[in-house]
Amino acid sequence: MSHPVSIPFKSASAAGVVSVSPTSSTLHERMRQNSLASPSVRQPKALHPIENENLRLLLVENISQGAVKAFQSQGWHVDHQAKAMSEDELVEKIGQYHAIGIRSKTKITERVIKAASKLLVIGCFCIGTNQVDLATAAKAGIPVFNSPFSNSRSVAELVISEIVALSRQYFERGYEMRQGLWNKQSKNCWEVRGKTLGIVGYGHIGSQLSVLAEAFGMRVLFYDVVNLMPLGSARQVDSLTTLLTESDFVTLHVPEIPETLNLISKTQLAQMKDGSYLINNARGRVVDIPALIEAVKSGHIAGAALDVYPAEPGANGSPFNDQLNAWSSELRSLKNIILTPHIGGSTEEAQRMIGEEVSGALTRYLTFGSTLSAVNFPEVDLRAIALEEANHVRICYVHLNQPGVLKQVNEVLSPYNVEKQYSDSKGDTAYLMADIADVSLQDVNRLRELISHTSANILTRLLACTDLAAICEICQRRQSPRTDLKNPFGIMAEGFSAFVHWPTAPLTDSLVRKASSAIHTTPTFLDRPTADGKKLLQWASYDSIDHDLTLGNQVDVLSSSYIIRKALIRKHFLSRCIHAHLLKHPESALRNAVPQTWDLDISFADELDDMWADELWDLGKDMDESEAEGKGKWWILKPGMADRGNGIRLFNSKDALQKIFEGFEEDESDGDVGDAEDVDAAPLKDDTAVVTSQLRHFVIQVTSFLIDCFWQRAHSVALVLMQDYILSPLLLDPYQFPVNGGPSNKPEDLKGYKFHLRAYCVASGALKLYLYTRILGLFSSEPFGVPHVAPEDEPSAISLAPHLTNTSLQTHRGEEGVRLFDELVGCHILSGDEQERLTLTAEHIADIQNQMADVLAETFRAALGTAIHFQALPNAFELYGIDFLVSHVPSAASTSPKFQVKILEVNAEPAIELTGPRLTWILEDLFKSIGTVCVEPFFQQDEESASELWAVGETRHYLRKCLEAEVRGAGGW
Ligand SMILES: O=C(O)C(=O)COP(=O)(O)O
């Protein structure tokens with residue numbers, strides 16, 4: 001099938017830039033061709049994407065090997081398979097790919113695009129693009145390319161064969177012979193010479209067919225929605241009805257768009273000549289098949305050839321039955337109907353040409369940024385950068401088509417030498433390309449940072465020339481003179497073994513396996529940890545690791561967890577070690593970064609009475625004052641250990657606290673799975689599961705359990721923590737920029753939501769500490785408000801929803817509540833003074849990230865200070881999920897808001913599942929970075945090359961080094 005040429009996307013919009021004729025080649029190709037003819041012509045320079053160097057492509061539906069090889073020859077990773085993929089499969093897999101190639105069966109729906117967090121481009125290795133949600137793809141900054149004509153000839157030839165076959169009924173005769181029946185006839189069999197062929201849609205296929213049919217002596221009519229130059233003696237008719245009433249054969253060559261659904265239905269079939277034939281090689285839904293069945297049964301239509309169907313199987317060998325399309329068996333039983341399995345474009349020639357054409361378009365987009373011939377995108381290309389032009393970077397900026405964007409971009413570009421620049425728009429999406437000369441690596445980073453943070457940004461990609469890569473190389477060399485860039489990890493040890501085991505965390509398991517396999521020498525995976533003579537990596541959950549092996553083989557065994565790290569991961573230990581640290585280092589960054597905290601051991605509510613006079617004296621005083629002076633201060637009560645947050649309560653008076661504890665005593669088995677800021681267990685299926693696991697937990701750790709489930713049953717000591725509730729959190733509205741493509745909230749409708757920042761950080765050896773720079777914002781489900789409670793209310797009546805920001809129990813919200821912190825640039829700041837409404841900027845985020853890095857470093861220093869509760873080991877590394885809250889202190893003196901980061905807690909084995917599929921890619925990169933930074937150097941033979949100069953504050957592999965401490969001896973080494 002083809003588009004009728006009326007489809008407007010090859011419009012004149014790009015005219016004047018370059019030719020958009022389907023036969024035109026791109027500037028890159030033309031330069032290449034010219035240079036073959038004349039070696040003196042300037043040569044184009046090869047570019048490469050700066051960030052996605054390890055591009056991954058997914059090709060489905062048996063795309064030609066030529067295309068596979070073309071991509072592989074670029075050094076890209078290609079996964080390919082013969083079958084189509086279902087929507088569910090795609091949603092699961094697409095997140096890891098930068099490009100996808102499909103044919104007509106694989107549907108790229110809005111849901112798939114939402115899950116495609118890394119996807120840069122879609123290639124339809126066919127003509128039709130109805131299987132792709134083109135508008136959503138454009139909004140997501142993803143151009144779609146197809147092959148507008150490479151299979152036209154194959155389809156046209158198939159139609160010619162079908163015209164003759166229908167006219168001579170030879171499918172029927174051939175079938176009878178196969179059944180052993182001789183049935184020689186001439187009745188109702190005709191020559192095609194002199195008959196009229198009506199072509200609906202005079203695009204690439206229709207027009208080819210016109211020429212072939214005339215060579216057979218047929219009279220050709222065509223109908224198209226635009227006026228076109230007829231080829232040969234063909235004649236354009238002014239209506240579909242005229243075409244239908246005059247033609248002996250009607251053949252369809254239109255795309256599937258809303259206007260063409262059931263284009264041929266009962267009325268149109270009735271308008272066709274008695275004894276005429278219908279041929280459809282376009283799209284199944286263009287013909288109303290039950291109506292066709294009726295028309296054939298009545299004898300009005302003498303026969304039909306169908307190659308396409310509303311529902312088609314995704315793989316060869318699949319049945320074509322009534323489950324697929326309710327009328328299949330009835331259709332199959334009709335005489336003189338030719339049914340073929342969508343083979344119109346299935347010839348060696350067509351597939352080879354399509355493979356070349358679409359892989360070429362995808363490669364040009366990925367490496368040069370050119371969108372020429374994209375079907376859903378503004379078509380933009382730039383003259384190639386010539387070989388002798390040094391240190392250029394190409395900016396490819398997909399953005400919202402809205403006023404003022406170019407001003408912003410040009411402000412960013414103004415200090416630079418902009419060699420050339422071009423932009424165009426199509427609907428809501430606009431695309432700008434610019435080549436900037438004489439840039440350094442710092443310039444590149446600055447440009448990327450500033451442009452990608454403009455408010456209209458959809459996607460910013462930077463493509464660099466190889467000489468700029470050389471600059472990067474020099475910079476890297478300057479810092480790490482011994483790093484061999486071709487093999488930056490040095491020589492790996494002769495193979496090593498890996499034990500990976502995450503029984504309750506399947507996502508972690510798969511990411512760890514991937515990250516271990518991506519290490520320079522792929523390890524041999526073991527079922528249990530054993531020292532088998534080779535070096536061993538134990539990258540497993542705390543309970544699965546053989547800690548004796550870690551302690552006993554500090555040269556050969558590397559493990560993914562420190563053994564003793566209570567000081568960090570138990571809230572009451574953390575609070576105590578921070579307190580101790582602050583006594584010694586009163587100027588520490590932690591001074592303002594921890595909420596004031598009291599921890600208490602309590603078994604019965606009435607013990608509180610004594611405590612008010614003793615350890616809780618100043619808290620009690622504070623509360624009385626707050627109540628008396630109407631200060632409206634609130635506190636939060638949390639159980640001492642992170643266990644899905646049971647027992648989290650808000651209170652604002654001594655009485656309320658007393659009631660809370662009495663409530664716990666009464667309610668010994670309520671199994672409340674309250675949401676919390678401090679919980680990192682994997683999501684559990686139901687309340688019973690929680691109770692069972694906690695009961696087990698309780699038996700092992702008597703002093704750290706859930707107060708509300710086991711309060712009375714345990715009659716034991718509960719460790720409880722109380723914090724000054726931070727009442728001035730930074731508030732933003734995530735719905736200002738919804739992630740589901742829905743309408744965004746208007747400025748006047750924005751509501752402030754509380755969120756906490758989930759940062760991943762990894763400690764390595766003894767001890768380097770890194771903060772992963774892709775930080776998540778986890779929003780509460782309801783807008784924030786100061787807790788409101790009437791005096792007679794039970795404390796448990798206070799709704800926690802506006803305050804609690806962990807997403808584990810907000811499953812109904814999908815991924816709306818989970819954002820990359822960087823995505824929030826441009827959001828209005830809804831806390832603080834209404835008069836000075838500001839928006840969150842990249843600089844604010846950088847400030848907050850700096851504070852987080854300092855606070856983290858200090859927290860680990862504090863933990864290292866309590867040697868019995870945290871012991872660093874040279875052969876361990878560990879990933880932590882750290883929760884921060886940003887409080888917003890509006891400053892009267894200046895227009896810039898002041899943010900204060902507060903650390904809430906540190907979790908081991910963080911529940912990364914909560915990130916959700918949209919952002920799973922950040923986790924893939926995280927684990928890959930851990931592999932590169934913490935694991936790989938341990939298994940290097942060349943000790944020398946392991947010692948890199950990586951300064952504190954510097955970011956590599958998205959990991960920012962926050963601390964480098966020399967810890968010796970604590971672990972007995
Ligand atoms: O080119 C088209 O749109 C076709 O219908 C051919 O589809 P296919 O590549 O065979 O799935």
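Residues numbered from 1 in each chain as written. Predicted model: local features only at pLDDT ≥ 70, side-chain atom pairs only at ≥ 80, totals over all residues. Heavy atoms only, no water.

What to know about the side chain of Thr 251
For step 1, the next point in the chain: Tracing the backbone shows Thr 251 in strand E10 (residues 249-252).
For step 2, the next point in the chain: Accessibility expressed as a relative area gives 0% for Thr 251, which makes it buried.
For step 3, the next point in the chain: Looking at Thr 251, its side chain comes within polar contact range of the side chain of His 253, at 2.8 Å.
For step 4, the next point in the chain: In contact with Thr 251, other than residues within four places in its own chain, are Val 159, Leu 197, Gly 198, Ile 199, Val 200, Leu 209 and Ile 279. (Helix = DSSP H or I, 4+ residues; strand = E, 2+ residues; numbered from the N terminus. Buried < 20%, exposed > 50% of the residue type's maximum accessible area, 1.4 Å probe, protein only. Polar contact = N/O pair within 3.5 Å; in protein donor to acceptor, adjacent residues only side chain to side chain. Contact = heavy atoms within 4.5 Å.)

What to know about the pairing of strand E18 (residues 496-501)
For step 1, the next point in the chain: Across the six residues of E18, five count as buried, placing the element largely inside the fold.
For step 2, the next point in the chain: The pairing of E18 with strand E20 (residues 535-540) spans six bridges and is classified as parallel. Considered in E20, the bridge of Ser 497 is made with Leu 536.
For step 3, the next point in the chain: Relative to strand E19 (residues 524-526), E18 runs parallel, the two sharing three bridges. For Ser 497, the partnering residue across the bridge sits in E19 and is Thr 524. (Pairing = 2+ DSSP bridges.)

Regarding unusual backbone geometry
For step 1, the next point in the chain: The omega angle of the peptide bond from Ala 766 to Leu 767 is 0°, so this bond is cis rather than trans.
For step 2, the next point in the chain: Structurally, Leu 767 can be placed in the loop between strand E26 (755-764) and strand E27 (768-772).

What about the site of the ligand?
For step 1, the next point in the chain: Taken together, eleven residues are adjacent to the ligand, and Arg 103, Ser 104, Ile 127, Gly 128 and His 342 come closest.
For step 2, the next point in the chain: Contacts to the ligand include Ile 127, whose backbone N or O atom sits 2.6 Å from an oxygen atom.
For step 3, the next point in the chain: Considering the ligand on its own, with 320 Å² of exposed area, one finds that the protein chains cover 96% of that surface.
For step 4, the next point in the chain: When the residues that make up the shell around the ligand are grouped by side-chain class, the tally is four nonpolar, five polar and two charged.
For step 5, the next point in the chain: Residue-level mapping places the shell around the ligand at the junction of two domains, with at least three residues from each of domain 1 (42-149 + 349-355) and domain 2 (151-315 + 324-346). (Near = heavy atom within 4 Å. Areas by Shrake-Rupley, 256 points an atom, 1.4 Å probe, with all protein chains shown as cover. Nonpolar A, V, L, I, M, F, W, Y, C, P; charged D, E, K, R; others polar. Domains from an automatic or database assignment.)

As for the environment of Ile 163
For step 1, the next point in the chain: Among the structural elements, Ile 163 can be located in helix H6 (residues 152-168).
For step 2, the next point in the chain: Note on Ile 163: relative accessible area 1%, which makes it buried.
For step 3, the next point in the chain: Taking the C-alpha atoms as reference points, Ile 163 and Thr 251, separated by 88 residues in sequence, lie 9.2 Å from one another.
For step 4, the next point in the chain: Not counting residues up to four positions away in its chain, the partners in contact with Ile 163 are Val 192, Leu 197, Met 218, Phe 249 and Ile 279.

Concerning the sheet that holds strand E21 (residues 557-559)
For step 1, the next point in the chain: Ordered by their spatial adjacency, four strands build an open sheet running E19-E18-E20-E21, and the pairing between neighbours is parallel. Edge positions in the open sheet fall to E19 and E21, since each of these has one partner strand only. The sheet shows a mean angle of 25° between the axes of neighbouring strands, taken without regard to direction.
For step 2, the next point in the chain: Its contacts with the sheet place helix H17 (residues 506-517) against E18, E19 and E20, and it is angled at close to 170° to E18.
For step 3, the next point in the chain: Taken strand by strand, helix H27 (residues 920-935) contacts E20 and E21, and its axis lies near 145° from that of E20. (Axes fitted to C-alpha atoms, helices over the stretch in contact; angles between N-to-C directions.)

Some words on the packing of aromatic side chains
For step 1, the next point in the chain: Scanning all chains against the criterion turns up 19 aromatic pairs.
For step 2, the next point in the chain: Taken together, Phe 145, Tyr 365, Phe 377 and Tyr 431 form an aromatic cluster joined through their ring pairs.
For step 3, the next point in the chain: The aromatic ring of Tyr 365 is capped on one face by Arg 461, whose charged end is 4.6 Å from the ring centroid.
For step 4, the next point in the chain: Here the basic side chain of Lys 535 rests over the ring of Phe 938, its NZ or CZ set 5.2 Å away from the ring centre. (Phe/Tyr/Trp six-rings, centres within 6.5 Å; stacked < 30°, edge-to-face > 60°. Lys NZ or Arg CZ within 6 Å of the ring centre and 35° of its normal.)

Quick notes on the pairing of strand E30 (residues 877-889)
For step 1, the next point in the chain: Across the 13 residues of E30, twelve count as buried, placing the element largely inside the fold.
For step 2, the next point in the chain: Of the pairings in the sheet, the one linking E26 to E30 comprises nine bridges and is antiparallel in character. Bridge assignment links Leu 757 to a residue of E30, and that residue is Phe 884.
For step 3, the next point in the chain: With ten bridges connecting them, E30 and strand E31 (residues 898-908) associate as antiparallel partners. The residue of E31 that forms the bridge with Val 889 is Lys 898.

Structural notes on the pattern of salt bridges
For step 1, the next point in the chain: As enumerated under the stated definition, the model contains 26 salt bridges in all.
For step 2, the next point in the chain: Between Asp 925 and Arg 774 there is a salt bridge, and its shortest N-O distance comes to 2.7 Å. Note that Asp 925 is positioned in helix H27 and Arg 774 in the loop between E27 and strand E28 (776-779), a separation of 151 residues in sequence. Arg 774 shares its class with Asp 925; the two are buried. (Salt bridge = Lys/Arg side-chain N within 4 Å of Asp/Glu carboxyl O.)

A look at the sheet that holds strand E8 (residues 219-223)
For step 1, the next point in the chain: Spatially, the seven strands line up as an open sheet ordered E9-E8-E7-E10-E11-E12-E13, and their pairing is parallel. Whereas interior strands pair on both sides, the edge strands pair on one side only; in this sheet they are strand E9 (235-236) and strand E13 (337-339).
For step 2, the next point in the chain: Of the pairings in the sheet, the one linking E10 to strand E11 (residues 276-280) comprises four bridges and is parallel in character. Bridged to Val 250 within E11 is Leu 278.
For step 3, the next point in the chain: Its contacts with the sheet put helix H8 (residues 204-215) on strand E7 (196-200), E8 and E10, and the angle it makes with E7 is roughly 175°.

Here's the deal with a negative patch on the surface
For step 1, the next point in the chain: Side chains of Asp 606, Asp 609, Asp 610, Asp 614, Glu 615 and Glu 662 sit close together on the surface and give a patch of like negative charge.
For step 2, the next point in the chain: Summarising the element assignment, Asp 614 is placed in the loop between helix H21 (608-613) and helix H22 (617-628).
For step 3, the next point in the chain: A relative accessible area of 54% places Asp 614 in the exposed class. (Patch = residues over 30% accessible without salt bridge, like charges linked within 9 Å, V, L, I, M, F, W, Y side chains within 5 Å. Lys, Arg positive; Asp, Glu negative; His and termini not counted. Charge placed at Lys NZ, Arg CZ, Asp CG, Glu CD.)

So, the confidence of the model for the protein chain
For step 1, the next point in the chain: Model confidence for the protein chain is summarised by a mean pLDDT of 79, while 76% of its residues fall at 70 or above.
For step 2, the next point in the chain: Confidence drops under a pLDDT of 50 for residues 1-41, and excluding neighbours within four residues, the segment shows 81 contacts in the predicted structure.
For step 3, the next point in the chain: This prediction of the complex comes with two scores: 0.51 for pTM and 0.93 for ipTM. (pLDDT = per-residue confidence, 0-100.)

A few points about helix H11 (residues 289-297)
For step 1, the next point in the chain: Ile 289, Ala 291, Leu 292, Ile 293, Ala 295 and Val 296 are the residues of H11 that are buried.
For step 2, the next point in the chain: Where H11 is buried, its residues meet helix H10 (266-271), E11, strand E12 (301-306), helix H12 (328-332) and E13.
For step 3, the next point in the chain: Positioned one or two residues after H11, Gly 299 has a phi angle of 85°, which is positive.

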